[in-house]
Amino acid sequence: MPDAPLPKRVLLITPPSVFLLDERVFINLGILKIGAALESRGVAVEHLDLSGTVNYLDALEAHLAISDATAAGLTATTPQLPTVVKIIERIRAVRPELKIVLGGPHVTLTDSAVKLEQRAGRVSRAHTALQRLQALADVLVSGDGELAVFRALQPDAPRLVDGDDPKGGLFLTNATYEATAYPARHLVDMGSYHYEIDGHRSTSLIAQLGCPFGCGFCGGRNSKSLRMIRTRSTESIVAEVRMLHEVYGFTGFMFYDDELNVNKNMVGLMHALADLQDTLGTEFRFRGFVKAELFTPEQASAMYRAGFRWLLSGYESGSPRILENIDKRAGLDDNTRAVDTAKAAGLKVKALMSVGHPGESEQTMRETQEWLLRVQPDDFDCTVITTYPGTPYYDEAIESPAEPGVWTYTHRKTGDRLHAYEIDFLVVADYYKGDPKGGYQAFVYTDHLSAAEIVQRRNWIEESVRASLRLPYPQARAAIRYEHSMGQGSHELPGFILRRSNGPSALNVAAART
Ligand code: B12
């Protein structure tokens, strides 16, 4: 690690997610991991959490006027980019000397798409997308940020710091992942996030990184940080849960892991979580994702014993042909069996469904509706697929010679096709999960259904299944308007927006065990 001096103070920014029904449900762990890494090396951190703040630019400007940070670090998923652009423009206008580092899933995925083009000897739309990002920020960070951020903050940092390359020295291994500090949760107002699991006040954590599967719609299938599994020990995970209970009083926990049961020690982890509750004399509730075809009765009963009452699984479709087109690996029978196995163990099931895949037709969408009615999940959602950079649907698509601006993905076995309109992610917030009451849009179409028809049929699935299974719609929560009068002092932003380091946190340094 180079040893040029680090900045004394860094401003981290979580941009708003205006497209979410409620922006203060799930905390962003990625930016808090960066905060913890910086603090563990003595850098003071300010965190502007702009989630759910309507006039986020006013809040940003009010803080920039008094902050003496010399660098700003932002995180971004693809649909957050349009607001990130506005935030960066405002920083440049008010504090042009501030060094701007941009990391997070969108950079990681765009970079992975560029590497794929390079391997194929092509310079195409991923290169253009990356150039646009480079024009935006001073330094981009791809992949794991815990080590890469220090390189990015060096005066001689390259334009792109690669934390996604297992051979590059900045990629986390199991051992370095275990040694990194827990997310610096003192840098967010935990009380302003509202999440409950079966009446238990809840928060989130992630136990393992990476998903080894190759679903066509999923981001990061060519990115090592999103695809390679990195695990930490059961002790480390249990200790984080214990800390969240003892320090913040939570008794409910959502695991962000892509699939908990990819971890071979998953049953052991469940028993350790149950034992923790015996030791503490308290009862917890958990919620998390499982991969259907790997789900067993043994896992189900261990999860129930640990306090899981809800499982989420990406079943995606009720059509065997669509499951094949997704490269889902799980067949329809696997999916049905997984729902039955969960229910038999007393676990409720949220079925995560999606439409707008290659070959999607009225018939395949009806099969999805019928499957939901047959297996009767306790909740579900049904999203419209987006083709983000870093997904096989984007990375393997070819521009239509007849229709410039339309890119077509063709499944290598079935030949079924998905067409997507090219969009500028810096301008359009393209997301796949919107307001279930008609808030969806589609930028994809198939040979059988137009974009508008996909949305219309999606709405029909949502309405008809909710009506038939008597499932209520999720509730939205309005964003808050920041007023100057909300500040505690005359210049300070309210605590739900701004949190600062009080020197390295004893909690996180202890957790880092470095
Ligand atoms: C949990 C989760 C959610 C939760 C919570 C999200 C949240 N608030 O963080 C919910 C359900 C709300 C959610 C929503 C969505 N999600 Co989501 N989600 C995840 C999931 C499974 C885990 C996220 C996580 O905590 N990872 C662990 C942390 C430590 O990693 P990280 O955030 O990436 O941060 C690391 C690096 O990116 C980097 N980094 C991040 N920020 C910064 C900043 C700086 C300055 C630096 C240097 C480095 C850096 O360093 C961090 C530490 O290594 C990921 C998949 C995955 N396994 O990561 C998908 C994922 C992030 N989600 C995805 C998507 C598509 C969405 C939605 C758009 C879906 C929708 N509604 O349409 C929304 C967008 C939400 C938003 N706010 O923008 C995609 C992102 C694709 C993309 N192109 O951006 C992912 C990658 C899934 C996938 N494989 O396709 N999501």
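Look up: the structure comes first, before these words.
First, a word on what this report is: a plain description of the structure on this page. (Residues numbered from 1 in each chain as written. Predicted model: local features only at pLDDT ≥ 70, side-chain atom pairs only at ≥ 80, totals over all residues. Heavy atoms only, no water.)

1. Overview of the pattern of salt bridges
Oppositely charged side chains can form a pair if their charged atoms are brought close together.
Okay, so step 1: All told, the structure shown has 31 salt bridges when counted by the stated rule.
Okay, so step 2: The partner of Arg 24 in a salt bridge is Asp 49, with the nearest N and O atoms 3.6 Å apart. In this pair, Arg 24 sits in the loop between β1 (9-14) and α1 (29-40) while Asp 49 sits in strand β2 (residues 44-49), placing the two residues 25 residues apart along the sequence. In this structure, Arg 24 and Asp 49 share a single accessibility class: buried.
Okay, so step 3: Bridged by salt links that share partners, the residues Arg 9, Glu 46, Asp 68 and Arg 500 form one connected network. (Salt bridge = Lys/Arg side-chain N within 4 Å of Asp/Glu carboxyl O. Helix = DSSP H or I, 4+ residues; strand = E, 2+ residues; numbered from the N terminus. Buried < 20%, exposed > 50% of the residue type's maximum accessible area, 1.4 Å probe, protein only.)

2. Focus: the environment of Cys 211
Okay, so step 1: Tracing the chain through its elements places Cys 211 in the loop between β8 (200-205) and α8 (224-227).
Okay, so step 2: On a C-alpha basis, the gap between Cys 211 and Met 365 in space is 27 Å, while along the polypeptide they are 154 residues apart.
Okay, so step 3: Leave out the neighbours within four places in its chain, and Cys 211 touches Arg 221, Leu 226, Arg 227, Asp 258 and Glu 259. (Contact = heavy atoms within 4.5 Å.)

3. Overview of the sheet that holds strand β17 (residues 444-445)
Okay, so step 1: The strand order across the open sheet built from four strands is β14-β15-β16-β17, with neighbouring strands paired in antiparallel fashion. Because the sheet does not close on itself, it has two edges, and the strands there are β14 (398-399) and β17.
Okay, so step 2: In terms of strand pairing, strand β16 (residues 417-421) meets β17 through two bridges, oriented antiparallel. Counted as the bridge partner of His 419 is Tyr 445 from β17. (Pairing = 2+ DSSP bridges.)

These results come straight from atomic positions and should not be treated as a statement about function.
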